[in-house]
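# Descriptive analysis of the structure
Here are the chains, one letter per residue:
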Amino acid sequence: MSFVLRLPITPKKTSYASKIAHLYFDEITKFHGESFGQTFRDYNGESQRKASVEEFYRLNHTHQTFDFVKRMREEYGKLDRVEMSVWECCELLNEFVDESDPDLDEPQIEHLLQTAEAIRKDYPDEDWLHLTGLIHDLGKVLLHPSFGQLPQWAVVGDTFPVGCAFDQSNVHYKYFKENPDSANPEYSTKLGVYAEGCGLNNVMMSWGHDDYMYLVAKKNKTTLPSAGLFIIRYHSFYPLHKSGAYSFLMNEEDKENLKWLHVFNKYDLYSKSKVRIDVESVKPYYLSLIEKYFPAKLKW
């Protein structure tokens, strides 16, 4: 196949997730050394992209409703758009720049390989984690015309549960007031349509590349461990793994997998560097991992 992608570019009680975040803080600091002081995810600073990022979240928070997510999962969960390999999908994203990200202005394949190679260096024996780093953002293929070319607010950006009250830790929380679910009694309470401890696999997340890639991996019968699938689906769920919000929905398996997500997250964020990766030199290694954990061709 030969696609070419050319797109415009402090609570009173500390939660479980917050405790885990603090446990990893020293590890993160040590990993980054002096570079840890570099600012990432600065939504309030004077970034040149600040206005466009804020407008992105206005649209995202207004339109990501329970009914919208349900409709998207039903439509795109059919996986009837195209068949291609994991590596072909990596190449398909080569010219895409994420408009929701205030830090990253490089092609996505650079970020994917930076993430994967940084993990590989520090966790040489966890090959499933290396591959997870490579593929975690492949759901952004939803922006390609072959997939209906969804607007960016329906593909990228931070994710959050729908079907229950929106937490104030969500970036640009103020825009949720325009979301119809905020005025719906069924969806606007703390638990909404869920039960405490129900497990995140039973929660509807805002629609985007995380949930889509999770569906792709699961329905194509990947042999990645549950922690890998957890990372893919929740790596943009910053209200949880940064602020500890929504932890009342987690079950015990979620709590264990969250530990790996915190490990992964430091590489997802802080591998956003100007260090270039020689794609051809690392490609054979990642092709071998793809063959180990995925079929040759996937339905997307």
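Residues numbered from 1 in each chain as written. Predicted model: local features only at pLDDT ≥ 70, side-chain atom pairs only at ≥ 80, totals over all residues. Heavy atoms only, no water.

### Remarks on the pattern of salt bridges
Tallied over the full model, the rule gives 12 salt bridges. We note a salt bridge from K292 to D127, for which the minimum N-O separation is 2.8 Å. A residue pair is termed long-range when its members are at least 10 positions apart, and K292 in helix 11 (residues 279–293) and D127 in helix 6 (residues 127–135) qualify at 165 residues. The salt bridge involving E252 is made with K255; its shortest N-O contact spans 3.3 Å. Here E252 pairs with K255, and both are found in helix 10 (residues 252–270), just 3 residues apart, close to one helical turn. Note on E252: relative accessible area 54%, which makes it exposed. Here the residues in one salt-bridge network are K50, E54 and K174, joined through shared partners. (Salt bridge = Lys/Arg side-chain N within 4 Å of Asp/Glu carboxyl O. Helix = DSSP H or I, 4+ residues; strand = E, 2+ residues; numbered from the N terminus. Buried < 20%, exposed > 50% of the residue type's maximum accessible area, 1.4 Å probe, protein only.)

### Quick look at the packing of aromatic side chains
With the rule as written, the count across this model stands at 19 aromatic pairs. Aromatic pair F56 and Y57: ring centres 4.8 Å apart, planes at 90 degrees, arrangement edge-to-face. For the residue pair F56 and Y57, the accessibility class agrees, reading buried in each case. Ring plane angle 40 degrees and centroid distance 5.3 Å describe the contact between F68 and W153, whose orientation is recorded as tilted. Of this pair, F68 sits in helix 3 (residues 66–76) while W153 sits in the loop between helix 6 and helix 7 (209–219), and the two are 85 residues apart along the sequence. (Phe/Tyr/Trp six-rings, centres within 6.5 Å; stacked < 30°, edge-to-face > 60°.)

### As for unusual backbone geometry
Even without being glycine, L79 reaches a positive phi, approximately 50 degrees. Relative to the elements of secondary structure, L79 occurs in the loop between helix 3 and strand 1 (83–84). Its identity is not glycine, yet K221 carries a phi of approximately 60 degrees, on the positive side. Tracing the sequence through the fold places K221 in the loop between helix 7 and helix 8 (226–234). The class of K221 is exposed, set by a relative accessible area of 69%.

### Considerations on the confidence of the model for the protein chain
Mean pLDDT over the protein chain stands at 83; residues scoring 70 or higher make up 77%. Considering only residues more than four positions removed or in separate chains, one finds that residues 1–43, a stretch of pLDDT under 50, has 78 contacts. (pLDDT = per-residue confidence, 0-100. Contact = heavy atoms within 4.5 Å.)

### Here we look at the UniProt feature "binding site: Fe cation" (unreviewed entry) in the protein chain
UniProt annotation of "binding site: Fe cation" (unreviewed entry) refers to H111, H136, D137, H209, H235 and D268 when read in the numbering used here. Note on placement: H235 falls in the loop between helix 8 and helix 9 (238–241). We classify H235 as buried; its relative accessible area is 2%. Setting aside anything within four residues of it in sequence, one finds H235 in contact with H136, D137, H209, D210, F230, H241, L261, F264, N265 and D268. Engagement of the side chain of H235 in a polar contact is seen with the side chain of D137, the distance being 3.0 Å. Inspection of the secondary structure assignment puts D268 in helix 10. According to the relative accessible area criterion, D268 is buried, its value standing at 6%. Here H111 takes part through its side chain, which lies 2.9 Å from a polar atom of the side chain of D268. (UniProt positions renumbered as here; feature names shortened; annotations may be inferred. Polar contact = N/O pair within 3.5 Å; in protein donor to acceptor, adjacent residues only side chain to side chain.)

### A word on the packing of helix 6 against helix 8
The relative placement of two packed helices comes down to the angle between their axes together with the axis-to-axis distance. Where helix 6 contacts helix 8, the axes come no closer than 10 Å and their chain directions differ by 20 degrees. Taken together, the axes of helix 6 and helix 8 are roughly parallel relative to one another. Seen from above, helix 6 lies across helix 8 with right-handed handedness. Here helix 6 contributes W128, L129, T132 and I135 to the contact with helix 8, which in turn contributes A227, G228, I231 and I232. Of the residues in the contact of helix 6 with helix 8, the class split is 6 nonpolar, 2 polar and no charged. (Axes fitted to C-alpha atoms, helices over the stretch in contact; angles between N-to-C directions. Parallel < 35°, antiparallel > 145°, perpendicular 65-115°, else oblique. Left-handed = near helix turned anticlockwise from the far one by under 90°. Nonpolar A, V, L, I, M, F, W, Y, C, P; charged D, E, K, R; others polar.)

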